[in-house]
Amino acid sequence: MASPTYQPRVNTSGNGWRNPPIGGSGTGSRLSHQPRPDEDHSGPTGPKPRPGFGLRGPRRSPHILTAESLASLTLPVGDDGVIIGIDPQNQPAVLSLLRPAPMEIALVGSMWMAQVLALRTVATGARVAVETARPPAWGQMAQAAGGGQQCVSVHDVRQIAPQGPSVSSPVLVVRDMGARPPRNQLAPSPWQSVLTVLPFLGPRSPQMLGRADLVGLQRLSPEEAEVVTRIMRLPDQVGAVLPTLSDNAMLWCSRDGHQFVMTQPTEAETNLLGGPRRMD
């Protein structure tokens, strides 16, 4: 191939595409990566950059915590579980429905309240299995829960199978079979709690309330309030309030204490279940 007829352009000033020759004389002999003589000992106030390392960090003593000070460190962590409403101080009321120990819950109230609890339990990542004598009443809620995932299963009475609970897949078993529910086929176990819904107090209700770990009470008749006050060992002034509760108010009590809670349904819960009610 013939050599080109044009002459390559050479920029001898060092300001174009080519660098000036290394080792030349004059001001152009300085290596491009070396600082200028007037920059060695002068510059703006503040940390001086180091080649390849950026700016120098702050020259402070490292943060050191002695072993004796570790006990004073605290990390505030709230209760975990299902947010069931607000307490009288307008603070969130959290109910721990699923635990590593067996737990039996009795709810004297409406299916509406039980379904709200089931929906909010599903929202925490748990599964809900419903054993009920009225499957159609639970079917719509089961289809809407979980965003298409099979989070809620509905079973006829005595047709519920073992659920296989685990720490990564806890289960809430809801029993909705009237005031005289049959014997429970799925007993409480680690990570599997059993919630029994009672529309009102029946002949066997006092026994159920007495052995329950947690009891939820909607509005009761004065006669029912007297029975519950005696069984749960509530103060008389607390028992006197039970017949006056609104449809979305409840009293949650255990052997350790009691707490009034106001359950405010979300817009999605209202569209699916309707407004709060005491009887279904």
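This one's a predicted model, so the numbers in the text were calculated from it and none came from an experiment.

Trainee: I tried to follow the overall build of the chain on my own but got confused; where do I start?
Mentor: For the chain, the helix and strand inventory stands at six helices and 10 strands. Within the span of the chain, comprising 280 residues, buried residues form 34% of the whole. When contacts within the chain are restricted to residue pairs at least 6 apart in sequence, long-range pairs at least 24 apart make up 60% of them. As displayed, the chain has an accessible area near 17,700 Å², and 54% of this comes from carbon and sulfur atoms.

Trainee: Would you explain the confidence of the model for the chain in this entry?
Mentor: Note: predicted coordinates in regions of low pLDDT should not be interpreted at a detailed level. For the chain, mean pLDDT is 82; residues scoring 70 or higher make up 74% of the total. Every residue in residues 12-17 is under pLDDT 50, and counting partners more than four places away or in other chains gives two contacts.

Trainee: How should I be thinking about the pairing of strand E2 (residues 92-95) in this particular structure?
Mentor: Two faces, one strand: in a regular strand the side chains alternate between the faces of the sheet. Across the two faces of E2 the burial differs, with Ala93 and Leu95 buried and Pro92 and Val94 not buried at all. Of the pairings in the sheet, the one linking strand E1 (residues 82-86) to E2 comprises four bridges and is antiparallel in character. Residue pairing in the sheet places glycine 85 in a bridge with alanine 93 of E2. Hairpin connection between E1 and E2: a loop of five residues separates the two successive antiparallel strands, and asparagine 90 in this loop has a positive phi of roughly 65°.

Trainee: How should helix H2 (residues 135-144) be read in this particular structure?
Mentor: Note: α-helices contain 3.6 residues per turn, so residues at a spacing of three or four share the same orientation. Within H2 the residues assigned to the buried category are Trp138, Met141 and Ala142. An end-on view of H2 places all buried positions within 105° of arc, on one side of the element. The exposed set on the far side of H2, more than 90 degrees from its buried face, consists of Pro136, Gln140 and Gln143. In the core, the buried residues of H2 are packed alongside helix H1 (111-123), strand E4 (127-132), strand E5 (152-155), strand E6 (171-176) and helix H6 (267-273).

Trainee: Before we go on, may I ask you to explain the environment of glutamate 224 in this structure?
Mentor: With respect to the element layout, glutamate 224 can be found in helix H4 (residues 222-232). Look at glutamate 224 and you get buried, because its relative accessible area is 15%. For glutamate 224 and glycine 202, which are 22 residues apart along the polypeptide, the C-alpha to C-alpha distance reads 9.7 Å. Setting aside residues no more than four positions away along its own chain, glutamate 224 makes contact with Phe200 and Leu201. A polar contact of 3.1 Å, which involves the side chain of glutamate 224, links it to the backbone nitrogen of leucine 201.

Trainee: Would you explain the packing of H1 against H2 in this entry?
Mentor: The axes of two packed helices give the description: the angle between them and the distance between them. In the contact formed by H1 and H2, the axes pass within 11 Å of each other and the chain directions differ by 30°. Overall, the two elements H1 and H2 adopt an arrangement that is roughly parallel. Like other packed secondary-structure pairs, H1 and H2 cross with a definite hand, here right-handed. Only Ala137, Trp138 and Met141 of H2 make contact with H1, whose side of the interface consists of Met111, Ala114, Gln115, Ala118 and Leu119. Tallied by class, residues from the contact of H1 with H2 come to seven nonpolar, one polar and no charged.

Trainee: Which parts of the structure should I look at to understand the layout of surface pockets?
Mentor: If a probe as big as a water molecule is rolled over the atoms, it shows which places are left empty. Taken as a whole, the largest pocket encloses approximately 490 Å³ of empty space. Taken together, the elements giving at least two residues each to the lining of the largest pocket come down to E2, strand E9 (249-253) and strand E10 (258-262). Looking at the lining of the largest pocket element by element, the count peaks at four residues for E2. Its residues assigned to classes, the lining of the largest pocket comprises 10 nonpolar, four polar and seven charged.

Cut-offs applied
Residues numbered from 1 in each chain as written. Predicted model: local features only at pLDDT ≥ 70, side-chain atom pairs only at ≥ 80, totals over all residues. Heavy atoms only, no water. Helix = DSSP H or I, 4+ residues; strand = E, 2+ residues; numbered from the N terminus. Buried < 20%, exposed > 50% of the residue type's maximum accessible area, 1.4 Å probe, protein only. Contact = heavy atoms within 4.5 Å. Areas by Shrake-Rupley, 256 points an atom, 1.4 Å probe, with all protein chains shown as cover. pLDDT = per-residue confidence, 0-100. Pairing = 2+ DSSP bridges. Arc of directions from axis to C-beta. Polar contact = N/O pair within 3.5 Å; in protein donor to acceptor, adjacent residues only side chain to side chain. Axes fitted to C-alpha atoms, helices over the stretch in contact; angles between N-to-C directions. Parallel < 35°, antiparallel > 145°, perpendicular 65-115°, else oblique. Left-handed = near helix turned anticlockwise from the far one by under 90°. Nonpolar A, V, L, I, M, F, W, Y, C, P; charged D, E, K, R; others polar. 1 Å grid on protein atoms, 1.4 Å probe; cavity = no way out; pocket = protein on both sides within 12 Å on 5 of 7 lines; lining within 4 Å. Points joined across faces, edges and corners; volume = space filled by probe spheres on them.

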